Every structure is written in C-alpha cells, then in structure tokens.
Amino acid sequence: MEKQHSYSQVKGVSTGTTILAVKFNGGVIIGSDSRASMGESYVSSKTINKLIQVHDRIFCCIAGSLADAQAVTKMAKFQLSFHSIQMESPPLVKAAASIMRELCYSNKEELQAGFITAGWDRKKGPQIYVVSLGGMLLSQPFTIGGSGSTYIYGYVDAKFKPDMSLEEAKQFSINALALAMGRDNVSGGVVHLVVITEPGVKHIVVPGDKLPKFHDE
Amino acid sequence: MALSCVLEPALSGFNFENSTRNIVLENGSEEGKIKAPKPMKTGTTIAGVVYKDGVVLGADTRATSDEVVADKMCAKIHYIAPNIYCCGAGTAADTEKTTEILSSNLTIFSMNSGRNPRVVMAVNILQDMLFRYRGMIGAHLILGGVDCTGSHLYTVGPYGSMDKVPYLAMGSGNLPAMGILEDRFKANMDLEEAKSLVSDAIHAGIMSDLGSGNNIDLCVITKEGVDYIRPHKESPFNYKRQAKYKYKPGTTPVLTKTVTQVELELLDETVQMMETAGSS
C-alpha cells in the first residue's frame, strides 16, 4: 500500500498508523493501532477507532487524514446500505471496496486517505481489498498499510501461511502490530482486532501492556 | 412559509467547489492575487468531562485580538439544544456562527420530527459541514450532551474529523489542561469532583497560556436539565478603575473661536402631495 512521504503534509488530525488484514481458514482478521497524531509531535488521541464498520460483515480500516477517511467511510456506509436495500441481500465485499475506490479516485486531488476493506460474503467467502491513496483497488490474501507497515514487511512476508487457524492468525496479527508499534513513533496505543466470520463479528482489544515484547529492555 | 426540511439534502458525492475557488483566488496573476484575510482567533482553553450523571463543560472567558484582550467576559459555551452544549475554540466568528447554524437546524428538526436531537446527530451535521469547507472554517469544538442513549462528549476538528472521548481539552491552553485531566480523570466521578476537575484544568490553561484568562465558566448537563454557571470562578485579578474617566464640560479651556459661514445655494425645489385623509 502506498505510504505518504511526510505525514506533516496531512492537514489536521492524521492517523500515521499501522493497519493490517489477514485471511484465515473461515474468515478474515482486520487490525490496527490506536494512535492519532497532529503535526509531527502531538498525539491527539491514544484511543482512536480506525476500524469502521461499513456493513454487517464488512469493515474498513483507515490511514491518512482522519477527516478525509471518516468522510469517505460515512459516504460508503450510506451508499452500501442503499445498495443492499435495492439488491435485497447483503452486499459483496468487492462492492464495498469499489465504492471506496470510486470515491478515492474521483477526488484524488483533494483526499489524502487510504483504506483496507475486508469482510465476508456468501459468494466468495473471506476477502481483503486494498484501496490506496490514488484509488488503486487490489485483492490480496493479506495486506499491511500505514506508516508503520514499512517496519514489518519482512516479518509478514516470512511468517504468513495461507489457511491459518483463527488462533494462529490472531497471534500473527498481534505480533505484526506490536513490532510495528515498537519501531514507528506515530503508531501506538492499544491493538484493535476485528474477527469477521460467517456467524458474526468479534472485536478484540489488546492493551499496550499485554502486547508481546521483542527484546524491549 | 417554507415547510421543507431546512437541512439541505446533500448532493451526491463530495463537493469541493469552495476549495478550488480558494486556490484560484490565492494563485491568481500578480495583480489578481488576493490574500486571504487574517481571522481573529480566541486563544482559549476549553475542556469537557463525562461524569456519573452527565457531562461537565468548561471554558475561560478571554477573547484576544493580537495582544489586546478584546473581551473579558466572552461566552465560549454555546447553546445547541436544551440537552446539548458546545464549547468552541479557534476563530471566534467561525465557532459562533457554526454553532448558531447547527442550533437553528436542530430546533427545526425537533419541531418537524417531534423528537429531541441526539448528540451524535449534532456531531454528524457538524462533521459534514466542516468537511465540506476543507478546514477553512477554523472551529475546534467540544460537544457534550445527554440524550436518551446516555451522556456523550465528542470533539470535532476544523477539517471534519471527530472522536468520541471521555474527557478532552482544546484551544491554545489545551496542553496544560490535558495534563490536569490525564492525571485526575476517573470514570464515573460525582458532580463536585467533576466540576473541580474541569475548573482546575481551565485554571491550568489560564495560568500557562497567554491567550486564555479572566473567569471560568462551567456548564453541567444532566438528564434533568442544564446548570450554566457563569462565572464559576472569577479572576482574582479583576482590575478596579482607580479614578473616574468622565470630564465635566469646561475642563478643557477654549483658546480661540472662529465661525465660518457656509454658503448654500437653493438649486431645486419639488413638492409632493401626500394622501393623509383618514377613513371616515
């Protein structure tokens, strides 16, 4: 996922961040840190929610300008619920990702926000889509994003296995986020995870002191 | 009389007209370049805290115009709805007008729908409006209120970002105030604790920030009603004028007096008849 070169270019509150999504056997885990920053040195929120539910089994995680990301997800939520009323059935994850892509691409001069859309639908099961800053749409088995993602590309490439169990996938996500938060100054706080499966959605919060430690003296 | 919903139905998609217009104005040709006017800001400390039975909002009362205190008793806690109040920091005019527009729209909404507005609705309307103006409206707001779903405190930034928080301080004095809040905030405090916490937070802002000062206003919102305490604490440094500044006529001696006759020439005279007959 594209990363902005300097987060001080984002006006207002920015979520310099680490976000990820990973497919496992039977569902998808989407996760993020919880820090929002303003400028280069002020943490404006330690507990911001970056996992936004756009439909019953579809979540988006946001990176970039908080205002732009919240506006786009609100718009997407509205359009998606309208779409699902018209179709009289739950929307496909691809539909949600397409709506976000449309908004990001048509307004690419003005908006500075990128998204990971992940969820479960009846047609293709668990899916993950990346919608980047300029409006690119890609489907991947796992993906990471935000400023903290650069520090964990090696880890996720080495440790990801297709068809993991729920426990393995959870540990994978928690480790990845903890490693990124340990090295990136604009990511931090607690780890938010959402597990999306056919039966339902579960929100897990791992507070900072319960995160795994990696040679932290 | 217009009966349709005052909140204008949003056009589909985003509307960045104002943004492009601003860019064109600022980057015009050498003669055509227009500099955006510098707005007056209220250096401010505002804070809000959620406690057991509701929300406590607090603010200082100083409005500055560069280095001069323009208003010593400025009201920064604005009425939105009977159960929702909003503290505003940033550009004085923007916070005033934004909250007034929000308040009138919500009043019309509750008359139309017969329901009291929810805090989250006020937040959504504010967010949509501020996002549309892309940060040009310099309003940093803390909204607090109690509705049928409970007590809520939200912050809305000038670019349209929002966050739901249990306590927060904003304005130029927000850093010292946040220090006090971070240290002493506990969930489910009782009223006196909450009031003293907010008051101390604003006090810290007043002491450590040049743009904040004078008195402290508090607003306590609960399910039962609103207690707007203005002022909660008066500044002990209120200046008492040492002497009268009125001068009796004759205080300044008249040295010379010259009278110049101004010659006026009558150029044109018209007479218009007026109907003044009363009804019989």
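Our subject is the structure that appears above.
Residues numbered from 1 in each chain as written. Chains lettered and ligands numbered in written order. Predicted model: local features only at pLDDT ≥ 70, side-chain atom pairs only at ≥ 80, totals over all residues. Heavy atoms only, no water.

Another point: the overall build of chain B. Broken down by element type, chain B carries five helices and 13 strands. For chain B, the proportion of its 280 residues judged to be buried stands at 42%. Considering only intrachain contacts with a sequence separation of at least 6, the fraction spanning at least 24 residues in chain B is 61%. Counting every atom, chain B has about 17,600 Å² of accessible surface; 55% of that belongs to carbon and sulfur. (Helix = DSSP H or I, 4+ residues; strand = E, 2+ residues; numbered from the N terminus. Buried < 20%, exposed > 50% of the residue type's maximum accessible area, 1.4 Å probe, protein only. Contact = heavy atoms within 4.5 Å. Areas by Shrake-Rupley, 256 points an atom, 1.4 Å probe, with all protein chains shown as cover.)

A few words on unusual backbone geometry. Here the residue pair arginine 230 of chain B and proline 231 of chain B is connected by a cis peptide bond, since its omega of 0° sits within 30 degrees of zero. Structurally, the position occupied by proline 231 of chain B is in strand 13 (residues 226-233). Unusually for a residue other than glycine, glutamate 88 of chain A sits at a positive phi of about 55°. Among the structural elements, glutamate 88 of chain A can be located in the loop between helix 1 (66-87) and helix 2 (93-106). In the Ramachandran plot, aspartate 163 of chain A falls in the positive-phi region, its phi being about 60° despite a non-glycine side chain.

As a further point, take the interface of chain B and chain A. Across the contact, 20 residues belong to chain B and 19 residues belong to chain A. At the junction of chain B with chain A, the criterion picks out four salt bridges. The partner of lysine 46 of chain A in a salt bridge is glutamate 182 of chain B, and the shortest N-O contact between them spans 2.9 Å. At the junction of chain B and chain A, the tally comes to 10 residue pairs in polar contact (both at pLDDT 80 or more). Residue assignment for the side of chain B that touches chain A shows that the elements contributing at least two residues are helix 1 (17-26), helix 3 (119-132), strand 10 (162-164) and helix 4 (174-184) of chain B. (Salt bridge = Lys/Arg side-chain N within 4 Å of Asp/Glu carboxyl O. Polar contact = N/O pair within 3.5 Å; in protein donor to acceptor, adjacent residues only side chain to side chain.)

Glancing now at the pattern of salt bridges. Here the structure, examined in full by the defined rule, presents 12 salt bridges over all chains. Between glutamate 100 of chain B and lysine 97 of chain B there is a salt bridge, and its shortest N-O distance comes to 2.8 Å. Taken together, the residues glutamate 100 of chain B and lysine 97 of chain B, both in helix 2 (residues 92-113) and three residues apart, mark about one turn of the helix. Classification of glutamate 100 of chain B by relative accessible area gives partly exposed; the value is 40%. One salt-bridge network, held together by shared partners, links Asp68 and Glu110 of chain A together with Arg134 of chain B.

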